[in-house]
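# Examining the three-dimensional arrangement
Given next are the chains, with one letter for each unit.
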Amino acid sequence: MSDKKEVKTLCGMCLWACGIIVSLEDEKIVKIKGDPDHPWNKGRLCPKSAKIIDHFYSPQRVKYPMKKVGGNFQRISWDDALETMASGLNKIKDSYGPEAWTMIVGMAVQGQGFNTMHFLQRFCDAFGSPNFITPETFCFLSGITANMLTMGKFPYADQKNSKCIVLWGHNPSASNFIAAEKIKYATDNGAKLVVIDPRKIALAKNADIFAQIRPGTDCALALALIKIIIQEELYDKEFVKNWTSGFEQLQEHIKTYDIKDASRITWIPLKTIESIAHTYASIKPASILQGTNSLDQHPTGFQNNRALAILEALTGNIDVPGGHLISGTFPNFAQLRLPDLVKGKNVGYEKYPLFAGDWTGQGMLLPDMMLTGKPHPMKGLAVIASNPVLTWPNSNKLKKALECLDFLAVMTTVPNETSEMADLVLPGATFLERTEVWDGPLLGSMGYMSIRNKVTEYHESWSEIKFWLNLARHMGYEKYFPWQDDDEVFKHVFKDTGINIDEYLGKTNMIPFGGELKYKTYEETGFPTPTGKIELFSTIMQSVGFDPMPTFTEPPESPINDPETAKEYPVILTTGSRVLQYTHSSYRETYLNDKKAPEPYAEIHPATAGYYGIGDEEVINVATKRGAIQIRARLTEDILPHVINIPHAWANSNVNLLTDEKSVDPVTGYPALKALLCKISPVKK
Ligand SMILES: Nc1nc2c(c(=O)[nH]1)N[C@H]1C(S)=C(S)[C@@H](COP(=O)(O)OP(=O)(O)OC[C@H]3O[C@@H](n4cnc5c(=O)[nH]c(N)nc54)[C@H](O)[C@@H]3O)O[C@H]1N2
Ligand SMILES: Nc1nc2c(c(=O)[nH]1)N[C@H]1C(S)=C(S)[C@@H](COP(=O)(O)OP(=O)(O)OC[C@H]3O[C@@H](n4cnc5c(=O)[nH]c(N)nc54)[C@H](O)[C@@H]3O)O[C@H]1N2
Ligand code: SF4
Ligand SMILES: [Mo]
């Protein structure tokens, strides 16, 4: 008789951590279904979940540690792998100091729990390197930081209860299907929907207002909306008077902006801009649901987030049902960092003091450090669950920089373009082989926290915690790493929470936590900012010499800012719109024999395509100042003319050969990935 069991855990094919139930027969995974009892997804799953088993058992999985010898990979034991890693790290430390080594962690691990991340940082602390980089180097931390600095809190949209939703640079039908369902629920119940996007995304087709914006001009639009709302006195006077500071300075600031200019800059008709302002400001409650990188990867990325926060505050949609909620809390997990052991600061701290720090450095500075050795040598990297050769901008430059390293180690589930360049490749555990807590504040305020239970094991793969724990002990850091295995670490982090984790572990994938949702909490506590109010004028920005008000600037490459470049590269390029079936460069291997596998396409308007002699499905050249790629064209009326959209992280049409890693946002150091200039032409047959 076969041995059957079911394990409740969390999907990890993307960062949303939906509850799943995994069925096993004789320790083999045979079925995955949505967990109807999990409060986030209530049993529903996206199409990526159908690929979990293929992903787990993929013949491509890295099954054991491998070391590069004479240009080829050779299988080695874990003991050899620990010794190779230790000696690689120690050589760098002895020759150049510990800060010549950096750990880079990708979304597949970052998105799975802060404790895992803090544990990895603990290793960096013990080793003495301050350098720790996550995808937040160009992802959503800009938005979080801008909101924290403006309100002292991160407000998240309660779209299900909204009567007006502004979907701004975000296509949840591809990137967060639960959010898309909540929007549908709200609009089915009469909510108005406004969509601001260069592409007519699925949700825009039934939107009340669709503003087809020129990429990179969102700040100009936001300032125009602020101006109309103030000029026409549509703002929430009580809320603004009692709970915001800097309103007079904001009034002064927007005097310099003209709404007609905004229309010319954004390519959105004046009437549409006015009707967005009127709709958003007059319907209550309203929420703005923004992308988690589309508004951030611009020179005004940080200011875009500030401007949206100001709109939310002006309309009084803070801490009310259907607006933006701020009452999330964290459990009191055991502190894992060892800050006293580290000298120096994370990469980019000097240049971006409001942004780079404990959680992530600014990784865009690394390629130049690797190439020039300035401001100090950078000789080694460990890359965990990330594929920077495809996912970081300016791939040509990054590859050259990686070639300058003394030691590159990559921990991954399947070989990728970055692990091909490594000296040491480590078999990473998938999410089904790890125990984790998903402790986002967002969940706390929804009354629960999620637990991922280890389901089974695969060949010789190790979880991140198991590897860095063993390496630390191998390198003589037992004093700071007294635990014997990952289970002990997991239990340790719960020790101060008051939660008896043994009661839950292996039995459930969620723990009730955080209690009832609270509203208008600021009435008791104020806002945790220097003025105790929402800072329309940011005193913190002012104190470090940044613009305290959102101010629009053109993208670095734009027809207006850089007409010279625009002569040779006349088409606007936006990159990285998500595709439902994949997460960045991951899971392509699960479609190997699938004739219907989604492929990368450059989306082009038929009028633009016609002008350049490009037909539907034809392969085209796309070039920027950095490089050139070939990709198939898909003609669609849904994209703005003069703009093309190319998804990221495809090996054969790698859009990051076209992008630039140069930091453009003065506050965060983000690169410009959403509004560049390119030229397009058909590939001659
Ligand atoms: N299936 C899947 N889901 C994912 C991911 C994945 O790789 N695959 N990645 C996850 C991660 S790490 C992230 S950061 C999020 C990303 O999530 P989002 O940032 O929300 O990305 P999208 O949902 O693709 O929506 C971005 C939209 O912005 C539009 N856009 C492009 N440029 C501009 C611009 O300048 N202004 C405006 N207003 N709009 C613009 C695009 O046309 C697109 O429709 O998704 C997460 N979810
Ligand atoms: N041009 C452009 N570039 C972009 C973006 C864009 O919009 N435009 N978006 C950026 C954003 S927001 C993000 S978040 C980044 C994401 O960039 P990355 O974090 O680099 O994302 P992935 O390509 O998914 O890298 C995951 C790699 O890790 C491995 N892996 C997958 N799961 C696991 C696991 O469980 N354990 C281990 N050890 N390894 C695993 C897989 O082999 C895969 O190759 O991409 C960024 N790049
Ligand atoms: S959205 Fe899809 S891939 Fe992401 S966790 Fe949920 S089911 Fe998994
Ligand atoms: Mo991201």
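All of these numbers come straight from a predicted model, not from anything done at the bench.

Moving on to helix α16 (residues 395-403). For α16, every residue scored as buried is listed here: Ser395, Leu398, Ala401 and Leu402. An end-on view of α16 places all buried positions within 120° of arc, on one side of the element. In this structure, α16 carries Lys400 and Glu403 as exposed residues pointing more than 90 degrees from its buried face.

Of all residues adjacent to ligand 2, which total 34 residues, the nearest are Ser386, Thr391, Thr412, Ser585 and Asn656. Side-chain polar atom of Thr412 to an oxygen atom of ligand 2: 2.6 Å apart, as the coordinates give it. Residue Ala429 places a main-chain N or O atom 3.3 Å away from a nitrogen atom belonging to ligand 2. The protein chains hide 98% of the 930 Å² of surface that ligand 2 would expose on its own. When contributions to the shell around ligand 2 are tallied by element, the ones reaching two or more residues are α3 (107-110) and β16 (407-412). Its residues placed into classes, the shell around ligand 2 shows 11 nonpolar, 19 polar and four charged. The residue makeup of the shell around ligand 2 includes at least three contributed by each of domain 1 (66-140 + 346-496) and domain 3 (563-682).

A few words on the packing of aromatic side chains. The final tally for this structure, using the stated rule, is 28 aromatic pairs. Both rings, one in Phe123 and one in Phe127, keep their centres 6.3 Å apart while their planes meet at 10°; by these two values the pair is stacked. Of the two residues, Phe123 and Phe127 are both situated in helix α4 (residues 114-127); the distance of four residues between them amounts to about one turn of the helix. There is no split in this pair, since Phe123 and Phe127 are both buried. One aromatic cluster is present, formed by Trp78, Trp101, Phe123, Phe127, Trp462, Phe467, Trp468 and Tyr477 through successive ring pairs. The lysine or arginine in question, Lys160, covers the ring of Tyr185, its NZ or CZ lying 4.7 Å from the ring centre.

What follows is about the packing of helix α8 (residues 218-231) against helix α10 (residues 247-255). Contact geometry of α8 with α10 gives a least axis separation of 10 Å together with a crossing angle of 115°. Between α8 and α10, the angle falls in the class roughly perpendicular. Handedness of the α8/α10 crossing: left-handed. Touching Leu223, Ile226, Lys227 and Ile230 of α8 are Phe247, Leu250, Gln251, His253, Ile254 and Lys255, all from α10. Residues belonging to the contact of α8 with α10 are distributed by class as follows: six nonpolar, two polar and two charged.

Turning next to the pairing of strand β25 (residues 628-635). Pairing analysis gives four bridges linking strand β23 (residues 601-604) to β25, with the strands arranged parallel. Within the sheet, the bridge partner assigned to Ile604 lies in β25 and is Leu635. Alignment of strand β24 (residues 619-623) against β25, held across five bridges, turns out to be antiparallel. Bridging across to β25, Ala623 finds its partner in Ala628. Counted along the chain from β24 to the antiparallel partner β25, the turn is four residues long.

Turning to the packing of helix α5 (residues 141-151) against helix α13 (residues 301-314), a few remarks are in order. Where α5 meets α13, the axes come as close as 8 Å, and the angle between the chain directions of the two elements is 50°. The orientation of α5 relative to α13 falls into the category oblique. Handedness of the crossing formed by α5 with α13: right-handed. Each of Ser142, Gly143, Thr145, Ala146, Asn147, Leu149, Thr150 and Met151 in α5 lies in contact with α13, whose residues at this interface are Gly301, Phe302, Asn305, Arg306, Ala309 and Glu312. Partitioned by chemical class, the residues of the contact of α5 with α13 number five nonpolar, seven polar and two charged.

Glancing now at the pattern of salt bridges. With the rule as written, the count across this model stands at 28 salt bridges. Several salt bridges converge on common partners, so that one network encompasses Arg434, Glu436, Arg452 and Glu464.

What follows concerns the sheet that holds strand β27 (residues 676-682). Read around the closed barrel, the six strands follow the order β22-β26-β23-β25-β24-β27; overall the barrel is mixed. Averaged over all pairs of adjacent strands, the angle between strand axes in this sheet comes to 45°, irrespective of strand direction. Inspection of the sheet shows strand β22 (residues 571-575) paired to β27 by three bridges, in the antiparallel sense. In the sheet register, Ile572 faces β27, and the bridge partner there is Leu677.

As assigned here, the chain comprises domain 1 (66-140 + 346-496), domain 2 (142-325) and domain 3 (563-682). For domain 1 and domain 2, the distance between their C-alpha centres works out to 36 Å. Across the contact, eight residues belong to domain 1 and 14 residues belong to domain 2. Taken together, both faces of the contact between domain 1 and domain 2 bury some 930 Å²; the carbon and sulfur share is 66%. Across the domain 1-domain 2 interface, the total number found is zero salt bridges. Here domain 1 and domain 2 share five residue pairs in polar contact (both at pLDDT 80 or more) between them. For the side of domain 1 that touches domain 2, the residue count by class is seven nonpolar, one polar and no charged.

Thresholds applied
Residues numbered from 1 in each chain as written. Chains lettered and ligands numbered in written order. Predicted model: local features only at pLDDT ≥ 70, side-chain atom pairs only at ≥ 80, totals over all residues. Heavy atoms only, no water. Buried < 20%, exposed > 50% of the residue type's maximum accessible area, 1.4 Å probe, protein only. Helix = DSSP H or I, 4+ residues; strand = E, 2+ residues; numbered from the N terminus. Arc of directions from axis to C-beta. Near = heavy atom within 4 Å. Polar contact = N/O pair within 3.5 Å; in protein donor to acceptor, adjacent residues only side chain to side chain. Areas by Shrake-Rupley, 256 points an atom, 1.4 Å probe, with all protein chains shown as cover. Nonpolar A, V, L, I, M, F, W, Y, C, P; charged D, E, K, R; others polar. Domains from an automatic or database assignment. Phe/Tyr/Trp six-rings, centres within 6.5 Å; stacked < 30°, edge-to-face > 60°. Lys NZ or Arg CZ within 6 Å of the ring centre and 35° of its normal. Axes fitted to C-alpha atoms, helices over the stretch in contact; angles between N-to-C directions. Parallel < 35°, antiparallel > 145°, perpendicular 65-115°, else oblique. Left-handed = near helix turned anticlockwise from the far one by under 90°. Contact = heavy atoms within 4.5 Å. Pairing = 2+ DSSP bridges. Salt bridge = Lys/Arg side-chain N within 4 Å of Asp/Glu carboxyl O. Buried area = accessible area lost by both parts, 1.4 Å probe.

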